[in-house]
Amino acid sequence: MKFPYFLGVVIIGLVMILSAQLAEATTTDRIYVTYREYAGNASTSSLSNVGLPEKSQRTSAYEGNWNINYGSEVPDSIKICIEAAAKLWATKIENQQDIYIDIEFGETDNNEVFIVDTWCQESNSILYPAILWHEISNARESDLLYSDVYITFNSQIEWNCSFNSDAQTEGYNMLTQALRAFALSLGFGSSVGQYGLSTDNFEFQNGLPTIFDTHLISNGINFTSLIPGSTAFKNFVESGSVFFDDNNNYKMYSPSSYQPHRSLVFLDNNASLMHYGWNDNTKWLEIDDTTEEILNAIGWETSSSSTSSTSYSPITIRWDGLDANGVGSAYTYKSFVAVAPGLNISTAYWRFKLKNINGVYRTISQGVSPIAFAIQPLSSFDGLYVNMNGDLEGLIEYGCTTTNGQRYTARPLKISLELKPTIKSISDFVVYPTSEYNYKLGFNVNYSGAEYLTVFVIEEDCSIMRSQRVNEPVFAHVISGEISSLYNTWVEIQATNTYGTTTKQIERLANIPSSQNRAYTTAGIEDSGIVIFDTSLYKTEIYTISGQLITWGEEEEELKQSLKSGLFLIKRYYENGDTRIEKYIKR
C-alpha cells in the first residue's frame with residue numbers, strides 16, 4: 001500500500017498537474033519488495049520474553065534521524081510503540097541520510113500481522129533497499145513526495161502495547177512487531193517466492209535478488225549462482241540447511257515445505273528478534289547482536305560496527321557535560337571542542353539545534369569559533385519534541401574552511417537533554433468490581449523521563465495511604481488496589497527522576513455503582529465520576545489535628561521526618577491552584 005508522504009498538495013494550473021503526473025509515473029516505475037507476517041504462525045519453539053533495554057542502551061551520540069508519517073487511523077497507543085521501535089533502531093543504525101516511513105493501521109486481506117513494502121534501488125542486477133542505497137551512495141533523492149517504506153499493521157487482530165516483558169497481556173506485542181517490520185524495511189530477509197501456475201516454481205520478486213539474497217549459502221553453494229525456476233533453486237529453498245554466511249553462523253528458516261514470506265526471510269534461531277515463529281504473547285523488546293551483525297554484512301554501519309570516534313572528515317567533536325552516549329541535563333552548561341589535527345582553519349561555524357514537535361531540527365544558538373562552542377542551560381521547552389526516554393533531541397554541527405580553501409564538516413553529534421519527568425496522558429479507564437461496594441480501577445499511563453511509576457490510593461475518612469510501584473516504563477498498565485465505592489477516592493500517579501517529580505491525580509467520586517459481575521469500561525471521564533488533575537506539588541503545610549500550623553516547605557518527606565509520633569493534617573498546594581488535605585499518622 002503506497003501513499004504520498006506529504007498530503008494536501010494544492011495543484012494549481014496545468015504545469016502543476018503535469019508535475020503531479022510525472023511524480024506519479026516515477027513512483028509507478030519504482031521497484032518494491034513486499035514482506036508479510038501472518039497471524040497464527042506461532043512456532044513450537046520456546047521463546048523467552050526479552051525486556052526493554054536500559055536507557056543507556058536506548059540512545060547514541062551518532063544515531064540517525066527517522067521520520068515516521070502516520071495515517072489518520074493510527075491510535076495513540078500504537079504510535080507510542082512505533083516511536084519506541086524507531087528510537088531503538090535509530091540507536092543502532094547510524095544513518096547519515098534521513099529515513100522516511102509511512103505507517104497505516106487498517107484491515108488487511110489475508111490476516112497478516114503487518115505488510116511491509118520497501119522501495120528498492122537496482123545496482124548491477126541486485127536490489128538494495130533505497131534507504132540502504134542512500135547510505136552507500138551518500139545521497140538521496142531531493143523529491144520526498146513518497147516515502148522509502150510503507151508499513152500496514154492489521155487493525156483487526158488483537159494488539160497489546162506493553163513495555164514490560166513480564167506483564168500478562170493478550171495479543172501481539174506492537175513494539176516487538178514494529179521492531180521486526182523495521183528490520184525487514186532495512187533489508188533483512190530474502191525476496192524469494194512462488195510464482196506462476198506451478199507451486200514448484202520459485203523466483204525472486206521483480207526477477208532480481210536482493211543484497212540479502214547474495215549472502216545465502218547452502219552446502220557451499222551461493223543462492224544467486226542458481227537459476228530461478230530451476231529444480232536446484234527449489235531444492236535450495238527447501239533444503240533445511242541454508243545459512244546467511246559461509247561460516248554457518250546464522251541459520252535461516254528453510255523447511256522442506258516452503259512457507260510464504262517466512263522461508264529464507266527469518267532465522268531459525270529463537271534467541272533472536274528475527275526468529276521465524278512467535279507466540280502471540282511473546283515480547284522481544286530489544287535488537288539482538290545477530291540481527292545487527294546481519295545488517296552490518298549487507299552494508300549498514302551499526303553501533304556494533306563503529307566507534308564513537310568515527311567521523312566523516314578529519315574533524316571530530318569532543319564534549320564535556322554529557323556522557324559517552326551524548327546524554328546530559330537540559331538544565332546545565334555544556335561545552336564542545338573541534339579536534340582537527342594538521343588543519344589550519346580560517347573560518348568555522350557551530351550550530352546547536354533541537355527537534356520540535358513537527359520533527360524538524362531548529363537552530364537554537366550558533367558560534368564562529370574555530371575550536372570551542374558552548375550551550376547554556378535551557379529554561380523554555382514549549383514546542384519541542386520529547387522522546388520516549390523523556391529527553392529533548394538535539395544536534396551539534398560543525399564545519400570549517402581551511403586557509404587553502406578546503407571545506408570540512410564534522411559528523412553531527414546527536415545529544416539527548418534530560419528533563420523532569422512528564423506524564424503525557426492517563427486513559428482507558430476500566431472498573432473491576434470485586435464485591436458489592438468495592439472495586440479496582442485500571443488505566444494506562446503514557447509517561448517519560450522515569451523508569452517506573454508510584455501509585456498512591458487515598459480514600460476519604462481513611463488515614464492510611466496505600467502505595468504500589470509499577471515497573472513498566474513508557475506505557476504503564478496500572479490496576480489499583482481495592483477501593484471502596486462508598487467514599488471519595490484519590491489515586492495519585494507519580495513519576496520521579498534526578499530532576500524532580502511530576503504527579504497527576506485521579507479523583508473518583510463516591511456512590512458510583514460497582515456491584516456488577518464483570519469489568520466495564522467507563523463511558524467517559526466526566527460521565528464516570530472521574531476527574532484528572534495536574535498535581536505538580538510546589539508546597540506542603542503540616543498542621544496538628546486541631547488546625548495549628550506546625551511546619552511548611554517544598555520537601556514533604558523532610559517535613560515528615562521532623563514530626564513526632566501522632567496524628568496530623570497535611571495540606572498540599574499544587575501548581576495549577578488546587579489544594580488537597582489528608583490525615584497522616586506518624587508512627
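In short, a report on the structure. Every chain is numbered independently, its residues counted from 1 as its sequence is written. For a predicted model such as this one, the threshold for reporting local features is a pLDDT of at least 70, and the threshold for listing and counting side-chain atom pairs is 80 or more; totals across whole chains, interfaces and linings nevertheless cover every residue. Just so you know, side-chain values use all the structure's heavy atoms and leave hydrogens and water out.

Some words on the packing of aromatic side chains
Between 30 and 60 degrees the pair is tilted, below 30 it is stacked and above 60 it is edge-to-face, where a pair is any two Phe, Tyr or Trp rings, Trp via its six-membered ring, whose centres lie within 6.5 Å. Summed over the entire model, instances satisfying the criterion amount to 20 aromatic pairs. The interplanar angle of 90 degrees and the centroid separation of 5.2 Å between the aromatic rings of Phe204 and Phe233 together place this pair among those described as edge-to-face. Residue Phe204 is located in strand β10 (residues 202-204), and its partner Phe233 is located in helix α5 (residues 231-237); the two are separated by 29 residues in the primary sequence. As far as the burial class goes, Phe204 and Phe233 line up, both buried. For the pair Tyr331 and Tyr499, a centre-to-centre distance of 5.6 Å together with 55 degrees between the ring planes defines the contact as tilted. Remark: Tyr499 occurs in the loop between β28 (489-497) and β29 (500-508) and Tyr331 occurs in the loop between β14 (327-329) and β15 (334-339); sequence separation between them is 168 residues. Should the NZ of a Lys or the CZ of an Arg lie within 6 Å of a ring centre and within 35 degrees of the ring normal, that charge is described as sitting over the ring. The ring of Tyr452 carries Arg469 above its face, with NZ or CZ at 3.6 Å from the centroid. Here the basic side chain of Lys539 rests over the ring of Trp552, its NZ or CZ set 5.6 Å away from the ring centre. What counts as a helix is a DSSP run of H or I of at least four residues, what counts as a strand is a run of E of at least two, and both are numbered from the N terminus. Note on exposure labels: buried denotes an accessible area under 20% of the residue type's maximum, exposed denotes more than 50%, and partly exposed covers the range between, all computed with a 1.4 Å probe on protein chains only.

Things to note about helix α6 (residues 289-297)
Residues of α6 that are buried include every one of Thr290, Thr291, Glu292, Ile294, Leu295 and Asn296, and no others. Here the buried face of α6 lies against α2 (76-92). The opening residue of α6, the one whose side-chain oxygen lies 3.3 Å from the backbone nitrogen of Thr290, is Asp288. Of the residues trailing α6, Gly299 is marked for its positive phi of about 130 degrees. Every residue pair with non-hydrogen atoms within 4.5 Å of one another is taken to be in contact. Here a polar contact is recorded for every N or O atom pair within 3.5 Å, except that within protein the pair must consist of a potential hydrogen donor and a potential acceptor, and residues adjacent in sequence are included only if both atoms are side-chain atoms.

Quick notes on the pairing of strand β4 (residues 112-123)
With respect to burial, β4 is a largely interior element, ten of its twelve residues being buried. Between any two strands, at least two bridges found by DSSP are needed for them to pair. By the bridge criterion, eight bridges tie strand β1 (residues 31-38) to β4 in an arrangement that is antiparallel. Within β4, the position partnered with Glu37 by the bridge is Phe114. In the sheet, β4 pairs with strand β6 (residues 149-154) via five bridges, with the strands oriented antiparallel. Bridge pairing in β6 links Thr118 to Val149.

Quick notes on the pattern of salt bridges
When a carboxyl oxygen of Asp or Glu is within 4 Å of a side-chain nitrogen of Lys or Arg, the pair counts as a salt bridge. What the rule picks out here adds up to 20 salt bridges. A salt bridge links Arg411 to Glu301; the nearest nitrogen and oxygen atoms lie 3.8 Å apart. Taken as a pair, Arg411 in the loop between β20 (407-409) and β21 (413-418) and Glu301 in the loop between α6 and β13 (316-320) lie far apart in primary sequence, 110 residues in all. Where salt bridges share partners, they join Glu63, Lys87, Lys355, Glu393 and Lys414 into one cluster.

Considering the state of the cysteines
Counting rule for disulfides: a pair of cysteine sulfur atoms within 2.5 Å. Taken as a whole and assessed by the stated rule, the structure comprises zero disulfides. Cysteine Cys161 remains unbridged, with the sulfur of Cys81 as its closest cysteine sulfur at 3.8 Å. When its relative accessible area of 8% is taken as the criterion, Cys161 is described as buried.

Considerations on helix α3 (residues 130-137)
Among the residues of α3, Ala130, Ile131, Leu132, His134 and Glu135 are the ones counted as buried. Residues of α3 that are buried make contact with β3 (99-106), β4, β5 (126-129), β6 and α4 (174-185). One or two residues past the end of α3 sits Asn138, with phi positive at roughly 55 degrees.

Concerning the sheet that holds β13
The strand order across the open sheet formed by three strands is β13-β15-β18, and the pairing between neighbours is antiparallel. For this open sheet the edge positions go to β13 and β18 (372-375), each flanked by a neighbour on one side alone. Taking the axes of each pair of neighbouring strands and ignoring which way they run, one obtains an average angle of 25 degrees across the sheet. Inspection of the sheet shows β13 paired to β15 by five bridges, in the antiparallel sense. Each residue of the ladder has a partner; that of Ile317, found in β15, is Ala338. Geometry is summarised by axes, namely lines fitted to C-alpha atoms with helices restricted to the contacting stretch, and by angles between N-to-C directions that run from 0 to 180 degrees.

Focus on the environment of Glu301
Relative accessible area serves as the criterion here: at 27%, Glu301 is assigned to the partly exposed category. For the pair Glu301 and Ile136, spaced 165 residues apart in the sequence, the C-alpha separation amounts to 9.9 Å.

Examining the packing of α2 against α4
Taken N-terminus to C-terminus, the directions of α2 and α4 make an angle of 50 degrees; their axes are 8 Å apart at the nearest point. The orientation of α2 relative to α4 falls into the category oblique. Between α2 and α4 lies a crossing whose hand is right-handed. The residues of α4 that touch α2, namely those facing Ile78, Cys81, Ile82, Ala84, Ala85, Ala86, Leu88 and Trp89, are Met174, Leu175, Ala178, Leu179, Phe182 and Ala183. Classification used: nonpolar for Ala, Val, Leu, Ile, Met, Phe, Trp, Tyr, Cys and Pro, charged for Asp, Glu, Lys and Arg, polar for all others including Gly. Of the residues that constitute the contact of α2 with α4, the class distribution is 14 nonpolar, no polar and no charged. Every angle not falling under 35 degrees, over 145, or within 65 to 115 is termed oblique; those three ranges are roughly parallel, roughly antiparallel and roughly perpendicular. Helix crossings get a hand from a simple test, with the near helix turned counterclockwise from the far one by less than a right angle marking a left-handed crossing and a clockwise turn marking a right-handed one.

Considerations on the environment of Ser147
One can find Ser147 in the loop between α3 and β6. On a C-alpha basis, the gap between Ser147 and Asn67 in space is 9.4 Å, while along the polypeptide they are 80 residues apart.

Quick word on the layout of surface pockets
In this structure, the largest pocket occupies an estimated 950 Å³ of space. Taken together, 38 residues form the lining of the largest pocket, with Ile68, Tyr70, Glu83, Ile357 and Tyr385 sitting closest to its centre. Those elements that place two or more of their residues in the lining of the largest pocket are β2 (66-70), α2, β22 (422-435) and β23 (438-448). The biggest single contributor to the lining of the largest pocket is α2, with eight residues. Split into classes, the residues belonging to the lining of the largest pocket amount to 19 nonpolar, ten polar and nine charged. Here a cavity denotes grid points, spaced 1 Å and computed from the protein atoms alone, that fit a 1.4 Å probe unable to get out, and a pocket denotes an open set having protein on both sides within 12 Å along at least 5 of 7 lines; residues with an atom within 4 Å of a point are the lining. Grid points are joined across faces, edges and corners, and a volume is the space filled by probe spheres set on the points.

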